[in-house]
Amino acid sequence: HVKIYFRFATPSDIQSFTQKLIEAESIWNNSRYKFNFDYQFKFHLVQDAQTAHYKVNVLNSTRGPYDTNWGRDWDAITVAHELGHMLGLGDEYQTVTSQSDCLASSLMCNSYRGKLMKHHFYFVLRRLVK
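Residues numbered from 1 in each chain as written. Predicted model: local features only at pLDDT ≥ 70, side-chain atom pairs only at ≥ 80, totals over all residues. Heavy atoms only, no water.

A.B. asks: Sorry, what's going on with the state of the cysteines here?
C.D. replies: Note on terminology: a disulfide is the covalent bond linking the sulfur atoms of two cysteines. With the rule as written, the count across this model stands at one disulfide. In this model, Cys102 is linked to Cys109 through a disulfide, with the two sulfur atoms separated by 2.0 Å. Sign of the S-S torsion, about 80 degrees for the bond between Cys102 and Cys109, identifies this disulfide as right-handed. (Disulfide = S-S within 2.5 Å.)

Here's what the structure looks like:
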């Protein structure tokens, strides 16, 4: 469960990001690997900053940090990538040079067209069951 509060958001931003979070939630839930327990992901906008896990500034354009700044022009797969960070995953590409030395099919390597991989769920869920 990830609760996000948006700062500087217009009503249009709220509507847009609500839809993007629904799509990102589907990306995460439709890609789930079966384990010996049931689980699902929930991503919500909250109205009260005190109840949020993350407070995010909504900007026209951003170069990060992405756990606190999100761009209005992002699509749902980019949102799903950034939610991966909020769930504890790191980027799989070299963050200093941005060189791609990872699987281009991985969501945490490529936030434009990547997919969730088994190891993403392992790392997120491992933190919860320890």
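A.B. asks: Help me understand unusual backbone geometry in this model?
C.D. replies: Glycine aside, negative phi is the norm for most residues, and most peptide bonds take the trans geometry. Although it is not a glycine, Phe8 sits at a positive phi angle of roughly 65 degrees. Considering the arrangement of structural elements, one finds Phe8 in the loop between strand 1 (2–7) and helix 1 (11–30). (Helix = DSSP H or I, 4+ residues; strand = E, 2+ residues; numbered from the N terminus.)

A.B. asks: Help me out: how do you make sense of the packing of aromatic side chains in this one?
C.D. replies: For any pair of aromatic rings, the description rests on two quantities: the centre-to-centre distance and the angle between the ring planes. This model, assessed by the stated rule, comprises 15 aromatic pairs. Aromatic side chains Phe17 and Trp70 sit 5.8 Å apart centroid to centroid with 45 degrees between the ring planes, which places their arrangement in the tilted category. With Phe17 in helix 1 and Trp70 in strand 4 (residues 69–71), this residue pair connects regions lying 53 residues apart in the sequence. The same class applies to Phe17 as to Trp70, namely buried. Among the aromatic residues, those joined into a cluster by ring pairs are Trp28, Tyr33, Phe35, Phe37, Tyr39, Phe41, Phe43 and Phe121. Lys20 extends its terminal NZ or CZ atom over the ring of Phe17, reaching a point 4.8 Å from the ring centre. If you follow Arg32 out to its NZ or CZ, it ends over the ring of Tyr39, 5.8 Å from the centre. (Phe/Tyr/Trp six-rings, centres within 6.5 Å; stacked < 30°, edge-to-face > 60°. Buried < 20%, exposed > 50% of the residue type's maximum accessible area, 1.4 Å probe, protein only. Lys NZ or Arg CZ within 6 Å of the ring centre and 35° of its normal.)

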